[in-house]
Amino acid sequence: MKLSKSYIPTLKEVPNDAIIPSHILMLRAGLVRMLSAGIYSFLPLGYKVIKKITQIIREEMDAIGGQEFHLPALNPKEIWEQTNRVEAFGDTMFHIKNRDYVLAPTHEEIMTYHAKGTLKSYKDLPQTWYQIQTKFRNEARPRSGVIRGRQFLMKDSYSFDSSWENLDASYSLHDKAYRKIFERCGLKFFVVGASSGAMGGNKSEEFMVKSDAGEDTVAYCEKCGYAANVEVAQSNIESVARNSESKEIYEISTPNIHSIDELCEFLKIHEQETAKSRVYMHNEKPVLVLMSGNDEVNETKLANALGGQVRPCHPDELKEITGADAGSIGPIGFSHRIIADLRLKDGNNLYSGANKNDFHIGGIDLKRDVPKIEYFDLRSICSGEKCTRCGNHLEVFKAIELGHIFKLGTKYSEALEANFLDEKGEAKPIIMGSYGIGVERVMACYIEQNFDEKGIIWSKLLSPFDLHLIGLNMKNEMIVSASNEIYEKLKAAGYDVLFDDRKDFSAGVKFNDADLLGIPIQIIVGEKNLKENKLEVKLRRTGEKFIIDRNQLEQKISEFQSMI
RNA sequence: CGGGGUGUGGCUCAGCCCGGUUAGAGCGCUUGGUUCGGGACCAAGAGGUCGGUGGUUCGAAUCCACUCACCCCGACCA
């Protein structure tokens, strides 16, 4: 492709709206343009990369027996009502105004619809069906460029099995395929166990990459590979020590003291001597949650511990239930259920609120004074804490979810009555798995992990072109004819070449554009080298430059290709 | 949905507080010329209903109200 005839609108300056590196570079390198919040057009260069990624995905899905579908984005609402997911998705689902259609946010229903009545016997199973298709979700707040959009490309596959053991096999095939896909894409990733949320089903794993632009916070142990979302990662920190002597409880006047920090400062005590109170409504009943010091309640853990719905109490409810405002609440005299974080187990000589504004109570012995207390793991773990599995230090950081694999079970097959007959002739719901990959996220995450101050650094497999040929001074007849000849030769040898044949640009512009676009190998045709029948080759990633003989170009290129 | 911010030529921004000729700069673009290995130079040009609507005023990019769009933080999120 000749650059002079290409639509690759590069930007010299950083666009105002972009913050994270991948977003900035995708705009600057002319890969994408925004149409509206969370809605992006892929320009020719960006779309070439998308096609490389989807090709890798396709190959690995086909390798595990996947069969590619192309499904409609426009779906009858009725199908989604049968599985109760119109309600489950709520405002996240786009609804068509002038007909009872929705825009599909995923495709469990539609795949199951096709399975119904056609996968009739255990002999028809297993099946793995997939598609690479645009999904629509009315995200409340699109962000980070292409990473969280209202419209995005997703590879989603669905497995149909006749037994749970066979589902395990399908799941494990996907697990292996996903690892291959992300490895081939050149991503540094890790895998965490996760809760499957609104998808239904039980076991699931997320494929993640570490990134400040991530929306999940995970705990990761480099030593043993343990990784978990902080919402569920077990806390492994020691309990506060129990003093040998328990003091009596006593009331302290603490005017205008609301936070733990203020309390510690006021009483000259350590944070660990305090128990912070939070009141939640659990199934319409108040529950007092005690945390050590400034530890925050992890509401996911709380909900898991109690089961059912949990929400923090409103300020007016607090007053009604405890007689005090937030900042002065405590376990002594609290007449409803009381639970505490494990870190407080059997603690004594603690300070907490008095359920009376401007007063706290000291000398609390949870064992003696709160006999009905129950303990749960309720706090989020922090960087530096010990791994529950191997004892090494855990790291806590943000991460982006690239892919997610679920063992769905029979939720959809039951709702849509997709049954098969087993060996005994009994009708049973098909056992399903569901597996997704965010295609744009793969691209954005790759860039997040592979760029420098000049621009993107593509790998051989994802690069939109194999080679970037630069004719420096295209008003020099010698360079024009030499670079054109090289261009034709490389194309004939099967390379996909981007040829910067632009007449009116100085060398600096061409070099900078080449570094911005990030094609792994640059071939530079300049006057001085050409006079000696030589060319320069530059490797984008390392910046290394090589002067080579012109007649050895093809041989050298194939050597460089194996180096990158 | 809550909080904060921004909207002026294709891009980055100044001007706004304190209203007053013809709304500016750099980059990009067009034409001609010079230059030609790290974002060149000279000259001449094109390009803007100052996000929108309404109001205040003799007069609004500038003040007021409403509204829309986009960004960031939070809530939410298969």
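Residues take numbers from 1 onward in each chain, read along the sequence in its written order. Chains carry letters and ligands carry numbers; both start at the beginning, A for chains and 1 for ligands, and go up in the order they are written. For this predicted model, a pLDDT threshold of at least 70 governs which residues receive local features, and a threshold of 80 or more governs which side-chain atom pairs are given and counted, while totals over whole chains, interfaces and linings are taken from all residues. Hydrogen atoms and water are omitted, and side-chain values are computed over all heavy atoms in the structure.

So, on to the sheet that holds strand 19 (residues 359-364). What links the strands of a sheet is backbone hydrogen bonding, and the strands pair in either a parallel or an antiparallel sense. Taken in spatial order, the three strands of this open sheet run 13-19-18, and their pairing is antiparallel. Since the sheet does not close on itself, it has two edges, and those belong to strand 13 (250-253) and strand 18 (350-353), each with one partner. Pairs of neighbouring strands in the sheet enclose a mean axial angle of 30°, with direction left out of account. Any two strands with at least two DSSP bridges between them are considered paired. In DSSP terms, a helix is any run of H or I states spanning at least four residues, a strand is any run of E spanning at least two, and both are numbered starting from the N terminus. Where strand 13 meets strand 19, four bridges bridge the pair, whose relative direction is antiparallel. If you follow Ile-252 over to strand 19, its bridge partner there is His-360. Lines are fitted to the C-alpha atoms to define the axes, a helix being fitted only along its stretch in contact, and any angle between axes, read from their N-to-C directions, falls within 0 to 180 degrees.

Attention now moves to the environment of Pro-331. Positionally, Pro-331 belongs in the loop between helix 9 (315-322) and strand 17 (337-341). Sequence spacing of Pro-331 and Lys-276 is 55 residues, and the spatial spacing of their C-alpha atoms is 9.6 Å. Should any heavy atoms of two residues lie within 4.5 Å, those residues are counted as being in contact. Ignoring sequence-local partners within four residues, the contact set of Pro-331 consists of Ser-277, Leu-288, Leu-290, Ile-338, Ser-352, Ile-364 and Val-370.

So, on to the packing of helix 1 (residues 21-28) against helix 12 (residues 439-449). Axis separation between helix 1 and helix 12 bottoms out at 8 Å; the angle between their running directions is 105°. The angle between the axes of helix 1 and helix 12 places the two elements in the roughly perpendicular class. Where helix 1 abuts helix 12, its residues Pro-21, Ser-22, Leu-25 and Met-26 lie against Met-443, Ala-444, Ile-447 and Glu-448. Side-chain classes follow a simple rule in which Ala, Val, Leu, Ile, Met, Phe, Trp, Tyr, Cys and Pro form the nonpolar group, Asp, Glu, Lys and Arg form the charged group, and the remainder, Gly included, forms the polar group. Here the contact of helix 1 with helix 12 is built from residues that sort into six nonpolar, one polar and one charged. Should an angle lie under 35 degrees it is considered roughly parallel, over 145 roughly antiparallel, and from 65 to 115 roughly perpendicular; all remaining angles are considered oblique.

The next thing to look at is the sheet that holds strand 27 (residues 467-471). Taken in spatial order, the five strands line up as 28-27-29-30-31 in an open sheet, and their pairing is mixed. Looking at the sheet topology across the chains shown, the edges are occupied by strand 28 (497-500) and strand 31 (545-549). For this sheet the average axis-to-axis angle between neighbouring strands, irrespective of direction, equals 25°. Taken together, the five bridges between strand 27 and strand 29 (residues 521-525) define a ladder with parallel strand orientation. What sits directly across from His-468, in strand 29, is Gln-522. The sheet contacts of helix 14 (residues 507-517) involve strand 27, strand 28, strand 29 and strand 30 (534-539), and relative to strand 27 the element is tilted by about 175°. Seen against the sheet, helix 16 (residues 553-563) touches strand 27, strand 29, strand 30 and strand 31 and runs at an angle of roughly 150° to strand 29.

So, about the pairing of strand 2 (residues 39-42). Sheet topology note: the strand 1 (residues 32-36)/strand 2 ladder contains four bridges and is antiparallel. Residue pairing across strands places Val-32 opposite Phe-42, the latter belonging to strand 2. Count of turn residues in the strand 1/strand 2 antiparallel hairpin: two residues, of which Gly-38 carries a positive phi of about 75°.

For our purposes a nonpolar core is just a set of buried Ala, Val, Leu, Ile, Met, Phe, Trp, Tyr and Cys residues, chained together by side-chain atoms within 4.5 Å. Throughout, exposure labels follow a simple rule: accessible area from a 1.4 Å probe, protein chains only, divided by the maximum for the residue type, with under 20% read as buried, over 50% as exposed, and the rest as partly exposed. In terms of nonpolar packing, the biggest core is built from 59 residues, with Leu-31, Ile-53, Tyr-178, Phe-182 and Trp-458 touching the most fellow members. When near neighbours in sequence (up to four residues on either side) are disregarded, Ile-53 contacts Cys-185, Val-439, Val-442, Met-443 and Leu-462.

This part covers the side chain of Arg-85. When you line up the elements, Arg-85 lands in helix 4 (residues 85-89). A polar contact of 2.8 Å, which involves the side chain of Arg-85, links it to the side chain of Glu-109. Here Tyr-412 takes part through its side chain, which lies 2.9 Å from a polar atom of the side chain of Arg-85. Counting of polar contacts relies on pairs of N or O atoms within 3.5 Å, with two restrictions inside protein: one atom must be capable of donating a hydrogen and the other of accepting it, and residues adjacent in sequence are counted only when both atoms are side-chain atoms.

So, about the domain arrangement of chain A. Residue ranges for the domains originate in an automatic or database domain assignment. Each domain of chain A was delimited in the assignment, giving domain 1 (12-232 + 396-447), domain 2 (250-376) and domain 3 (465-563). Each of domain 2 and domain 3 was reduced to a C-alpha centroid, and the two centroids are 69 Å apart.

All right, on to the packing of helix 2 (residues 44-63) against helix 12 then. Running from N to C, helix 2 and helix 12 cross one another at 110°; their axes reach a closest spacing of 10 Å. Considering their axes alone, helix 2 and helix 12 lie roughly perpendicular with respect to each other. Between helix 2 and helix 12 the crossing geometry is right-handed. Between helix 2 and helix 12, the contacting residues are Gly-46, Val-49, Ile-50, Ile-53, Thr-54 and Ile-57 on the first element and Val-439, Glu-440, Val-442 and Met-443 on the second. Residue composition of the contact of helix 2 with helix 12, by class: seven nonpolar, two polar and one charged. Should the near helix be turned anticlockwise from the far one by less than a right angle, the crossing is termed left-handed; should it be turned clockwise, right-handed.

Okay, the pattern of salt bridges next. Counted as salt bridges are all cases of a side-chain nitrogen of Lys or Arg within 4 Å of a carboxyl oxygen of Asp or Glu. Taken as a whole and judged by the stated rule, the model has 38 salt bridges. Here Lys-475 and Asp-504 are joined by a salt bridge, their closest N and O atoms 3.7 Å apart. With Lys-475 in the loop between strand 27 and helix 13 (477-492) and Asp-504 in the loop between strand 28 and helix 14, the pair connects residues that are 29 residues apart, well separated along the chain. Assigned by exposure class, Lys-475 and Asp-504 land together as exposed. Among the charged side chains, a salt-bridge network with shared partners connects Glu-139, Arg-143, Arg-148, Glu-215 and Arg-441.

What follows covers the pairing of strand 8 (residues 151-161). Burial analysis of strand 8 places 10 of its 11 residues in the buried class, the great majority of the element. Bridge analysis of strand 8 against strand 24 (residues 431-438) gives eight bridges, and the strand direction is antiparallel. Bridge pairing links Tyr-158 to Ser-434 in strand 24.

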